[in-house]
Amino acid sequence: MSVQASSAMVDNPWLAQSVEVATVTPELPGVATYHLRFRDAGLNERYRFRPGQFNMLYLPGVGEIAISLSAANEMSGTWDHTIRVAGNVTRTLAGLGVGGELALRGPYGTSWPLDECTGADVILVAGGIGLAPLRPAIHACFTQRKRFGRTTLLYGARSPDMLLYRRDYDVWADRGLNVSATVDRFQPGWSGDVGVVPLLVDRLRPLTPANSVMFLCGPEVMMRYTVRSALERGLRRDQIWVSLERNMQCAVGLCGHCQLGPAFVCKDGPVFRYDKIERYLNVEGL
Amino acid sequence: MKAVARPRNSPQSETLLLAKQDFQAFLDQLWQGGYRVVGPTIAQQAIVYDEIRRVEDLPRGWTDEQSGGQYRLTRRDDEAWFGFVVGPHSPKRYFFPPQVAVTQADRTSNGWQFSEVPDQEPPYALLGVRACELAAIAVQDRTFINEQYVDPIYRRRRERALIVAVNCTQAASTCFCTSMNTGPRCTQGFDLALTELPDSFTVEVGSERGADVLSSLPVTRAAPGSLLAAEAARQQAVDQITKGLDTKDIRDLLLSNLEHPRWDEVATRCLSCTNCTMVCPTCFCSSVKEVSDLTGDHVQREREWDTCFNWDFSYMNGGIVRNQIRSRYRQWLTHKLASWIDQFGVSGCVGCGRCITWCPVAIDLTEEVAAIRENPA
Ligand SMILES: Cc1cc2nc3c(=O)[nH]c(=O)nc-3n(C[C@H](O)[C@H](O)[C@H](O)COP(=O)(O)OP(=O)(O)OC[C@H]3O[C@@H](n4cnc5c(N)ncnc54)[C@H](O)[C@@H]3O)c2cc1C
Ligand code: SF4
Ligand code: SF4
């Protein structure tokens, strides 16, 4: 599964490959999914990644950013990235449009440990754009349905109009995923929960803690409180995985920016088993 | 790939002697052999690394006086060529250059083309490398060559280089290589290792490459008298070392004291000026920036040294992780002396003392560790 995209990517970790924007799916205000295709058809065929991994996307003259893969899109033969406009690079990327050119290197980092979770109930917990790196794990739950027990998504966003991939929730539910969403701010027409994500964990029924695993991605404070709720519900620290974010210039453990204690978030993460990173994650300003 | 980190010497047991009057011929031989020779020379009132073409380029008759926050060149009362300790530069700048293009992009009729930037540097002959610097090179080999991803620029330059070490015959008040087991004697990782005597150098050969360079020079077998004199000269450096760092369980000590009040205290003194990281021979952090030509059709990605003391080093859209000097000093010290061990299996500190000398407010990492050790949480 960990096949590298091409030998060029292995030999010179700095060198990116040319890709183009095949289509763009608008998602939310300031958020869109970019369906990227390698210009080298052979490479597009060979490319593989594991759910939770990320790529470095490069716009010449503008900069390079870390973005998670949000899907392997078999229908369109593209590699999908869901991106929120945050600053310089993401804004320029949003202006490229269909046919726009950029470069990609990757995939990098660790992945959600689906292989180790056979037979477990899988609880996916996301906040905001943090749902993007979990989406390939959701897809894996569908394609390997028999492998896992009960699968659940607990998702929180600021308001109902900021719920990512909302069009898919019914489809996901039909395919066996229990979807619960909550929002911080009520808007007319919303009949779901109001409140923060950890509340969904507090209320989750049924729950068999001993047989569950939790994959978490969102802002660090949200993850901290969610973990606290999960521990209160009886999960152990080694049943929880979190995906972290840090400044990354190289993504290959050479630039030093992403360090969190002994960990290089780019290659030892971004997905960490909670008990292995907790000690450092909970130190303010480390 | 792993070969480089391994000591390259298959030491030739016999120690040789090279007369100082033949040293110019040695330099000429290196240049003619295609090497770019770099070594110690005087510039801007310090001994720095630069090209060495003639023996006159060496800091003959000069020495450096170093202490916390102090560096001064003074005349020696002899004409020793390598009679100093270490300056603000280290060999790091040649294998991991302060600024270098890593990739480039060209706009063509067929869209952007992305490619490597061929590294044109001729092989280096590094002259005057100290034992602590040999150790620092071995530390950086682990970062840039021995991990999952290899830095191609570092590897190419490293593998082609010839290393001519020169043993220390004196030490500064800032040196603590004996605590870090890195010196002062050069024991591995060199092609040639010299010890300076008044009229000659004893030469230990550490590799085939080193032996080849000597083959056409009038070297002789060192007589017992020269060997004894060289031993005595080296012993002076050992005897002069006063500083120490207690490294016992240092990783656990620091990582279990991440909230120690000493971090607040040192933060009131540290200016976050970045000097310590710029002079450190093992620090490897960098940032990449875009450099376009006027048309915007040719863009290079340039990698520059960066440091955890820069306020935006940990920038993420939405906040800076290490917003306080306390966080940044803690990162530097705990990385160097503790988490480096998790990452690369060795300490990130080789005891060269540069960060002590070049700190404008004389912060001394050995004292910071001692303060935490005295009063652990
Ligand atoms: C492993 C990983 C996965 C990510 N996945 C996604 C994703 O799927 N979708 C998404 O929208 N965002 C994702 N991000 C965040 C994304 O990288 C930043 O939003 C982006 O770098 C902002 O760049 P900018 O130039 O637009 O913003 P600016 O604020 O102008 O940033 C300037 C530069 O700082 C660095 N930088 C800024 N913010 C971050 C950050 N949060 N993380 C790392 N470097 C940063 C980048 O080099 C960036 O070019 C991910 C980050 C990481 C580390
Ligand atoms: S931390 Fe200081 S003493 Fe240690 S190697 Fe770096 S500069 Fe030298
Ligand atoms: S410790 Fe000294 S040299 Fe290092 S950043 Fe602080 S003031 Fe500058």
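Residues numbered from 1 in each chain as written. Chains lettered and ligands numbered in written order. Predicted model: local features only at pLDDT ≥ 70, side-chain atom pairs only at ≥ 80, totals over all residues. Heavy atoms only, no water.

**Some details on the interface of chain A and chain B**
Alright, step 1. Contact with chain A, which involves 43 residues of that partner, is made by 48 residues of chain B.
Alright, step 2. When residues of chain A are sorted by the area they lose upon contact with chain B, A:Trp14, A:Leu254 and A:His257 head the list and together hold 17% of the total.
Alright, step 3. At the boundary of chain A with chain B, the tally comes to 2 salt bridges.
Alright, step 4. Close ionic contact of B:Arg301 with A:Glu64 constitutes a salt bridge, the shortest N to O distance being 2.8 Å. (Contact = heavy atoms within 4.5 Å. Buried area = accessible area lost by both parts, 1.4 Å probe. Salt bridge = Lys/Arg side-chain N within 4 Å of Asp/Glu carboxyl O.)

**Notes on the side chain of A:Ser243**
Alright, step 1. Secondary-structure assignment places A:Ser243 in strand β13 (residues 240–243).
Alright, step 2. Apart from the residues within four sequence positions on either side, A:Ser243 is in contact with A:Trp112, A:Leu216, A:Cys217, A:Met223, A:Pro270 and A:Val271. (Helix = DSSP H or I, 4+ residues; strand = E, 2+ residues; numbered from the N terminus.)

**Regarding the site of ligand 3**
Alright, step 1. Near ligand 3, the surroundings consist of 13 residues, among which B:Cys270, B:Leu271, B:Cys273, B:Cys276 and B:Cys359 are the closest.
Alright, step 2. In terms of residue class, the shell around ligand 3 is made up of 10 nonpolar, 3 polar and no charged. (Near = heavy atom within 4 Å. Nonpolar A, V, L, I, M, F, W, Y, C, P; charged D, E, K, R; others polar.)

**A few points about the site of ligand 2**
All names here are of chain B.
Alright, step 1. Near ligand 2 lie 13 residues; those nearest to it are Cys 280, Cys 349, Cys 352, Gly 353 and Cys 355.
Alright, step 2. Elements represented by at least two residues in the shell around ligand 2 include exactly α11 (325–344) and α12 (354–357).
Alright, step 3. Here the shell around ligand 2 is composed, by residue class, of 9 nonpolar, 2 polar and 2 charged.

**Some points on helix α9 (residues 261–269) of chain B**
Residues and elements named next belong to chain B.
Alright, step 1. Taken residue by residue, α9 has Trp 263, Val 266 and Ala 267 as its buried positions. For α9, the arc enclosing every buried residue in end-on projection is 110°, short of the 170-degree limit, so these residues lie on one face. Residues of α9 that are exposed and angled more than 90 degrees away from the buried face: Pro 261 and Thr 268.
Alright, step 2. For α9, the secondary structure elements touched by its buried residues are α11 and α13 (365–374). (Buried < 20%, exposed > 50% of the residue type's maximum accessible area, 1.4 Å probe, protein only. Arc of directions from axis to C-beta.)

**With respect to the sheet that holds strand β11 (residues 200–205) of chain B**
Residue and element names in this part refer to chain B.
Alright, step 1. Strand order across the open sheet formed by 8 strands is β3-β2-β8-β9-β10-β11-β1-β12, with mixed pairing between neighbours. Across the chains shown, the open sheet's two edge strands, defined by having one partner strand only, are β3 (46–51) and β12 (220–221).
Alright, step 2. Bridge count between strand β2 (residues 36–43) and β3: 6 bridges; the pairing is antiparallel. Considered in β3, the bridge of Ala 43 is made with Ala 46.
Alright, step 3. The sheet contacts of helix α1 (residues 23–32) involve β1 (16–19), β2, β3, β8 (124–129), β9 (162–166), β10 (192–196) and β11, and relative to β2 the element is tilted by about 130°. (Pairing = 2+ DSSP bridges. Axes fitted to C-alpha atoms, helices over the stretch in contact; angles between N-to-C directions.)

**Regarding the packing of α11(B) against α13(B)**
All names here are of chain B.
Alright, step 1. Where α11 meets α13, the closest approach of the two axes is 12 Å, and the angle between their N-to-C directions is 90°. Considering their axes alone, α11 and α13 lie roughly perpendicular with respect to each other. Taking contact as the criterion, the partners of Tyr 329, Leu 333 and Leu 337 in α11 are, on α13, Leu 365, Glu 368 and Val 369.
Alright, step 2. For the contact of α11 with α13, the class distribution of residues is 5 nonpolar, no polar and 1 charged. (Parallel < 35°, antiparallel > 145°, perpendicular 65-115°, else oblique.)

**Let's talk about the pairing of strand β7 (residues 101–108) of chain A**
Residue and element names in this part refer to chain A.
Alright, step 1. Within β7, 7 of the 8 residues are buried, which leaves the element mostly enclosed by the surrounding structure.
Alright, step 2. Pairing of strand β1 (residues 17–28) with β7, which is carried by 4 bridges, proceeds in the antiparallel orientation. Paired with Gln 17 across the two strands is Leu 104, which belongs to β7.

**Considering the nonpolar core**
A general trend in soluble globular proteins is that nonpolar side chains are found buried together.
Alright, step 1. Residues B:Tyr329 and B:Trp332 are the most contacted members of the largest nonpolar core, which totals 114 residues.
Alright, step 2. Two domains each provide a minimum of three residues to this core, namely domain 1 (16–240) and domain 2 (250–374) of chain B.
Alright, step 3. In contact with B:Tyr329, not counting residues within four places along its chain, are B:Trp263, B:Val266, B:Cys270, B:Phe309, B:Ile363, B:Leu365 and B:Glu368.
Alright, step 4. By size, the runner-up hydrophobic cluster in this structure holds 35 residues, among which are A:Ala140, A:Leu163, A:Tyr169 and A:Trp241. (Core = buried A, V, L, I, M, F, W, Y, C linked by side-chain atoms within 4.5 Å. Domains from an automatic or database assignment.)

**Points about the environment of A:Ala32**
All names here are of chain A.
Alright, step 1. As for its position among the elements, Ala 32 is in strand β2 (residues 31–38).
Alright, step 2. Classification of Ala 32 by relative accessible area gives buried; the value is 9%.
Alright, step 3. With 132 residues separating them in the primary sequence, Ala 32 and Leu 164 have C-alpha atoms 9.6 Å apart.

**A short note on the confidence of the model for chain B**
Alright, step 1. For chain B, the mean per-residue pLDDT works out to 95, and 97% of the residues sit at or above 70.
Alright, step 2. Taken together, the chains of this predicted complex give a pTM of 0.94 and an interface ipTM of 0.93. (pLDDT = per-residue confidence, 0-100.)

**Regarding the packing of α9(B) against α11(B)**
Residue and element names in this part refer to chain B.
Alright, step 1. One way to put it is that α9 packs onto α11 with a least axis distance of 8 Å and a crossing angle of 110°. The pairing of α9 with α11 is recorded here as roughly perpendicular in orientation. Taken together, the residues of α11 that come into contact with α9 (itself represented by Trp 263, Asp 264, Val 266 and Ala 267) are Ile 325, Arg 326, Tyr 329, Arg 330, Leu 333 and Thr 334.
Alright, step 2. Taken together, the residues that form the contact of α9 with α11 break down as 6 nonpolar, 1 polar and 3 charged.

**Description of the confidence of the model for chain A**
Alright, step 1. In this model, chain A carries a mean pLDDT of 94, and residues with pLDDT of at least 70 account for 97%.
Alright, step 2. Across residues 1–9 of chain A, confidence stays below pLDDT 50; counting only partners more than four residues off in sequence or on other chains, it has 22 contacts.

**Quick look at the environment of A:Gly119**
Residue and element names in this part refer to chain A.
Alright, step 1. Assignment of secondary structure puts Gly 119 in the loop between β7 and β8 (121–127).
Alright, step 2. Along the chain, Gly 119 and Leu 59 lie 60 residues apart, while their C-alpha atoms are 42 Å from each other.
Alright, step 3. Filtering out sequence-adjacent residues up to four positions away, Gly 119 remains in contact with Arg 147, Phe 148, Gly 149 and Asn 211.

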